Amino acid sequence: MSSVRRHRKNASAMRLLGRQLARFREAAGLTQRDLAAELNLAEETVASIEQGRRPLKPDLADRLDARLDTKGALSVAVENMPEVDLIPAWAEEYMDLERDAVALSWYDNQVVPGLIQTERYARAVFRSRVPAFSADDIETRVAQRLDRQRILTGEHPPTISFVMWEAILLDRIGGEEVFAEQVRTLRERSDLPCVSLQVMPLGRTSHAGLDGPFILLETPDHQHLGYSESQRGSQLVHSPDEVSILWQKYAMLRAQALSPEDSRALLDRLLGDR
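Below or above, wherever it landed, is the structure these notes cover. Computed from a prediction, not measured in an experiment: that's the story for all the values here.

1. Some thoughts on the pattern of salt bridges
Step number 1: Applying the stated criterion across every chain yields a total of 19 salt bridges.
Step number 2: As a salt-bridge pair, Glu-181 and Arg-120 come within 3.1 Å of each other at their nearest N and O atoms. Taken together, the residues span a long stretch of sequence, with Glu-181 in helix H10 (residues 176-189) and Arg-120 in helix H7 (residues 119-127) at a distance of 61 residues.
Step number 3: Glu-181 sits in the partly exposed class, given a relative accessible area of 24%.
Step number 4: For Arg-187, the salt bridge identified is with Asp-268, shortest N-O distance 2.7 Å. Taken as a pair, Arg-187 in helix H10 and Asp-268 in helix H12 (residues 260-272) lie far apart in primary sequence, 81 residues in all.
Step number 5: Classification of Asp-268 as partly exposed rests on a relative accessible area of 40%.
Step number 6: Through salt bridges that share partners, Arg-25, Glu-26 and Glu-50 make up one connected network.

2. Concerning the nonpolar core
Step number 1: Core analysis: the biggest nonpolar cluster contains 32 residues, and Tyr-94, Leu-104, Phe-162, Leu-169 and Leu-186 have the highest contact counts within it.
Step number 2: The dominant element in this core, judged by the number of residues it contributes, is H10, at four residues.
Step number 3: What Leu-104 contacts, discounting residues up to four positions off in sequence, is Tyr-94, Glu-98, Leu-115, Ile-151, Pro-158, Thr-159, Ile-160, Ser-161, Ile-215, Leu-216 and Leu-217.
Step number 4: Within the second largest apolar cluster, 17 residues are counted, among which are Leu-39, Ala-61, Leu-74 and Val-78.

3. Digging into helix H11 (residues 240-256)
Side chains three or four residues apart in an α-helix point the same way, a direct result of the helix having 3.6 residues per turn.
Step number 1: The end-to-end C-alpha separation of H11 is 24 Å, in line with the 24 Å expected for 17 residues at 1.5 Å each.
Step number 2: Taken as a whole, H11 has its buried residues at Val-243, Leu-246, Tyr-250, Leu-253 and Gln-256. In an axial view of H11, the angular spread of the buried residues amounts to 140 degrees, which keeps them on one side of the axis. Seen from the open side of H11, the exposed residues pointing more than 90 degrees away from its buried face are Pro-240, Asp-241, Gln-248 and Ala-255.

4. Examining the pairing of strand S4 (residues 214-218)
Step number 1: Judged by how many residues are buried, S4 sits mostly within the fold: five of five residues are covered.
Step number 2: Neither face of S4 is exposed, since Phe-214, Leu-216 and Glu-218 on one face and Ile-215 and Leu-217 on the opposite face are all buried.
Step number 3: Taken together, the five bridges between strand S1 (residues 103-108) and S4 define a ladder with antiparallel strand orientation. Paired with Ala-103 across the two strands is Glu-218, which belongs to S4.

Cut-offs applied
Residues numbered from 1 in each chain as written. Predicted model: local features only at pLDDT ≥ 70, side-chain atom pairs only at ≥ 80, totals over all residues. Heavy atoms only, no water. Salt bridge = Lys/Arg side-chain N within 4 Å of Asp/Glu carboxyl O. Helix = DSSP H or I, 4+ residues; strand = E, 2+ residues; numbered from the N terminus. Buried < 20%, exposed > 50% of the residue type's maximum accessible area, 1.4 Å probe, protein only. Core = buried A, V, L, I, M, F, W, Y, C linked by side-chain atoms within 4.5 Å. Contact = heavy atoms within 4.5 Å. Expected span 1.5 Å × (residues − 1). Arc of directions from axis to C-beta. Pairing = 2+ DSSP bridges.

Below is the structure:
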């Protein structure tokens, strides 16, 4: 019940802010297209914000306040939204943070972490979705996922730690050929200087990640944030107390998992079996 209330609260707050923006824009005598052109935005971006489908980010709120002469009203509204209302549709805010992060710590117990998925494995993951995505939607999502992976091989890649449950390696998402390619890619990625990959083995009598997957990140200004996804939504965690709990979980997961060296040996054995 609480998750439903949270979703409604988020949606209503975003719609309210969107309607305020629309009123300010109309008072300035501008169409959505006019405003988008002046601020070098897509018209759809303005429309989405006004309809409450896309979050208004602080830097854009500042630019809109300046153009519409709203005396900082939009920026103040964004800054004072409850934390839940900062959660964007489709995790756009998280992906912006991920792109600039200096460090990422990622635990997954369902699928291979998105940043180290192959194209065919990612496509198989999206094809498994219920209700089904359209073919075009799947291809768009696969392209977006592959684009995110450029941070691994950039000039200044973040330090990334992955812990993944061994059960993921027992599944065959996409079939044997697709998964064999995925395992080879995991082994290759595990050798990157910026990457630490550890496997949480089956058969343990204790497990710090039973509440599900999550990601921790450190921003360039050393802010620590958390991110988690569930069946019906996603949450960006700002609260220092909540982030601290996730860091404690992750530290225990790394201690419980196989070492990076033993994890690579496990992948080598899996590859040798094929």
